[in-house]
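An overview of the molecular structure
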Amino acid sequence: MDLKRRNFIKQSAATAAGLAAGAFIPAELHGGVPDHSTIREVVVKPSARPAPKESIKFSVIGLNHAHITGMVRALINGGGELVSVYAKEEDLLRGFTRTFPKVKIAASEEEILGDKSVQLVASASIPVERAPLGIRVMKAGKDFMADKPGIVTLAQLKEVKKVQKETKRIYSIMYSERLGVPAAIQAGELIKEGAIGKVVQTIGLGPHRMTPESRPEWFFDPARAGGILCDIGSHQADQFLYYTGSKQATVSYSQTANFNLPDYPEYQDFGDMLVRSDHATGYIRIDWFTPKGLATWGDGRTFILGTDGYIEMRKYIDITGRQGGNHLFLVNQKETKYYDCRGVYLPYGEQLVSDVVNRTETAMSQDHCFLATELALVAQKNAHRLFK
């Protein structure tokens, strides 16, 4: 047996002996092991709520993304009355009116903009068309609610901010991965209560399932759809700002790639970015690689690190076996706790209706709305393109 082989056998034996010995070290000497019997489980029950105090009349222009259904329901649940809808595509109109059969079909965009009873216009049009529409809406004296991405270029952002300042109208973007997710609302409440101390970092993971055959042609054109960081990255930028309480932030780096869609060479199916404020950092990863074996479109996760604990959200599925979505895990200096958040109330629609009536900013400040979009736009514009 040569010397190298003898030394290898001696080292392997020593390693095995060390591992075996480690098994007998008392748990308290290396930090302890979790006692799962102490994990509290909390089911958040829906609370009885009074009817919304305020009401508005609103219309819809642009139906190019299915998010419009959730946007409209948020407004109706919050006290809004759907008056009319306009879209150029007859097939999209048919689908929308099946869901909302009482809505009036307007003959043109101008009909809605000229209707003085309409206080707000909601839109999920093709992304590149949303900011120009929002500008026309604000100039017509109405507030605007856009699907994300609500703005797809920095030039558009500059013009939207200018018109918003001049008109004093609301330009709201529904970042639905926070505003439409009960677990995300619960996380915000826990942070406000001080459950994890001062938030110092967020990690947002936004995987999606790619089904090219179900997507319209504009979806694969970054000039029209905005690009992966501008689009679904804006959700995560919103959450970083909200959970860390950051009023200013910058992008440290960003990168994108097309790993798996050679038929669409300009498309990006992967992107990540690092953001920071004066007191917190955030890492964001977005992709279109959800496998078919998963029972939903994406295993969205958010991790929020505080000085006294942390929160993990499994928004849409828990692959360990818990049913449904909206799972939240809290670990702090006192306990480990699991929350079933499906009964948590989503306040965005009611808050936005109230803001339209009272000219307040309870749903989202205008500065926050624009800053979340700006981070996503800067990241998209400056992203290093991998492997091109």
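One structure accompanies this document, and this report is about it. (Residues numbered from 1 in each chain as written. Predicted model: local features only at pLDDT ≥ 70, side-chain atom pairs only at ≥ 80, totals over all residues. Heavy atoms only, no water.)

**Quick word on the nonpolar core**
- By size, the foremost hydrophobic cluster in this structure holds 81 residues, and its most contacted members are V60, I68, F96, L120, M145 and Y171.
- In terms of residue count, helix α13 (residues 366–382) provides more of this core than any other element does, seven residues in total.
- Not counting the four nearest positions on each side in its chain, Y171 is found in contact with R130, A131, G134, M138, F144, G150, I151, V160, Q164, Q366, C369 and F370. (Core = buried A, V, L, I, M, F, W, Y, C linked by side-chain atoms within 4.5 Å. Buried < 20%, exposed > 50% of the residue type's maximum accessible area, 1.4 Å probe, protein only. Helix = DSSP H or I, 4+ residues; strand = E, 2+ residues; numbered from the N terminus. Contact = heavy atoms within 4.5 Å.)

**What to know about the packing of aromatic side chains**
- Tallied over the entire structure, the rule returns 14 aromatic pairs.
- Between F219 and W288, the aromatic rings sit 5.3 Å apart at their centres with planes inclined by 90°, giving edge-to-face as the arrangement. Linking F219 in the loop between β8 (199–207) and α9 (222–225) with W288 in the loop between β11 (281–287) and β12 (301–306), this pair joins segments that are 69 residues apart in sequence.
- Overall, F219 belongs to the buried group, its relative accessible area being 8%.
- With a centroid separation of 5.7 Å and 50° between ring planes, the pair formed by F259 and F387 is classed as tilted. With F259 in the loop between β9 (250–257) and β10 (270–276) and F387 in the segment after β16 (384–385), this residue pair connects regions lying 128 residues apart in the sequence.
- Residue class for F387 comes out exposed when judged on its relative accessible area of 69%.
- By the ring-pair criterion, three or more aromatic residues cluster together here, those being F219, F220, Y264, Y267 and W288. (Phe/Tyr/Trp six-rings, centres within 6.5 Å; stacked < 30°, edge-to-face > 60°.)

**A few points about empty space enclosed by the protein**
- Overall, the coordinates contain two cavities of 30 Å³ or more when judged by the stated rule.
- Around the largest cavity, the lining residues are F219, D221, P222, A225, G227, I228, D231, I232, Y267, Q268 and W288.
- Elements that contribute at least two residues to the lining of the largest cavity include exactly α9 and α10 (228–231).
- Residues belonging to the lining of the largest cavity are distributed by class as follows: seven nonpolar, two polar and two charged. (1 Å grid on protein atoms, 1.4 Å probe; cavity = no way out; pocket = protein on both sides within 12 Å on 5 of 7 lines; lining within 4 Å. Points joined across faces, edges and corners; volume = space filled by probe spheres on them. Nonpolar A, V, L, I, M, F, W, Y, C, P; charged D, E, K, R; others polar.)

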